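An overview of the molecular structure
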Amino acid sequence: MVRRAFLGVLAALCAAVGVPASAQPNPDFWVTNTSGRQINEIYVSPSTDTNWGEDWLREHVLPSGQRFPIRPRRDGTCVFDIRVVFADGSSEERRRVNVCAVNEVAFTSAGSVARGQSQANADFRLVNRSGRTIQQIFVSPSSDQNWGADRLGQNVLPPGRAFTVTLPRDGTCVYDIRVVYDNNTAAEKRRINTCQIQDVIFP
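Residues numbered from 1 in each chain as written. Predicted model: local features only at pLDDT ≥ 70, side-chain atom pairs only at ≥ 80, totals over all residues. Heavy atoms only, no water.

Concerning the nonpolar core
Within soluble globular proteins, side chains that are nonpolar generally end up buried alongside one another. Counting residues in each nonpolar core, the largest one holds 37 residues, and the members touching the most others are Val 31, Ile 42, Ile 82 and Leu 126. For Val 31, the contacting residues outside a window of four places in its chain are Ile 42, Leu 62, Gln 66, Arg 67, Phe 68, Ile 70, Ile 82, Val 84, Val 105 and Phe 107. (Core = buried A, V, L, I, M, F, W, Y, C linked by side-chain atoms within 4.5 Å. Buried < 20%, exposed > 50% of the residue type's maximum accessible area, 1.4 Å probe, protein only. Contact = heavy atoms within 4.5 Å.)

Details of the sheet that holds strand E11 (residues 186-193)
With antiparallel pairing, the 3 strands of this open sheet are ordered in space as E8-E10-E11. The sheet terminates laterally at strand E8 (134-141) and E11, the two strands that pair on one side only. When the angles between neighbouring strand axes are averaged without regard to direction, this sheet yields 15 degrees. Sheet topology places strand E10 (residues 174-181) next to E11; 6 bridges connect them, and they run antiparallel. Along E11, the bridge assignment pairs Val 180 with Ala 186. (Pairing = 2+ DSSP bridges. Helix = DSSP H or I, 4+ residues; strand = E, 2+ residues; numbered from the N terminus. Axes fitted to C-alpha atoms, helices over the stretch in contact; angles between N-to-C directions.)

Quick notes on the state of the cysteines
Inspection of the entire model under this criterion finds 2 disulfides. Sulfur-sulfur distance for the disulfide between Cys 78 and Cys 100 comes to 2.1 Å. Judged by the sign of its S-S torsion, about -90 degrees, the bond between Cys 78 and Cys 100 is left-handed. Taken together, the residues Cys 78 in the loop between strand E3 (67-70) and strand E4 (79-86) and Cys 100 in the loop between strand E5 (91-98) and strand E6 (104-108) connect sequence positions 22 residues apart. For Cys 100, a relative accessible area of 27% puts it in the partly exposed group. Here Cys 173 connects covalently by a disulfide to Cys 195, the sulfurs 2.0 Å from one another. Disulfide Cys 173 to Cys 195: torsion about the S-S bond roughly -85 degrees, handedness left-handed. Note that Cys 173 is positioned in the loop between strand E9 (162-165) and E10 and Cys 195 in the loop between E11 and strand E12 (199-202), a separation of 22 residues in sequence. Sequential numbering of the bridged cysteines in the protein chain gives the disulfide pattern 1-2, 3-4. (Disulfide = S-S within 2.5 Å.)

The following block contains the structure:
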């Protein structure tokens, strides 16, 4: 009875000061520049917004080969649009990226090429930064009920290495990804739009 009363008081206090009862998802991520060009501006806004807001770089620039941390407000928002402007005035965008499920969004020399949905390129690199060897990788459309075959087969993915996952160009972009480590623990990332990112990084 005392415990129930205490929890009720705690919930009331949280509501009074605007603090959520449970921790909000973490939307922090890195913008990585491997384009071979300097990025002069970075804009990040919730996909529900109609304007880009302020330049995150301000007076700074992001040379090729470096990355910049983005730390949005932790209000439960996870799906963002990201736009970069290069030194030559050209720009690229990534739309509807679930940044709570990835910790890096890369802009590469391949650029963002507008394609028809049936030609969308969902291939991505799975990067292992976990400190453990990954023994299995499973990737399946988020609409599927099973994981399918292990993508690594007889191979493994040591820490610090990357593995390219090649996917059919059938218009599918949203995938679930599961890895199994050498201690038999597993980690998953759900509903990743791999048509909009280059790298998926574990953990």
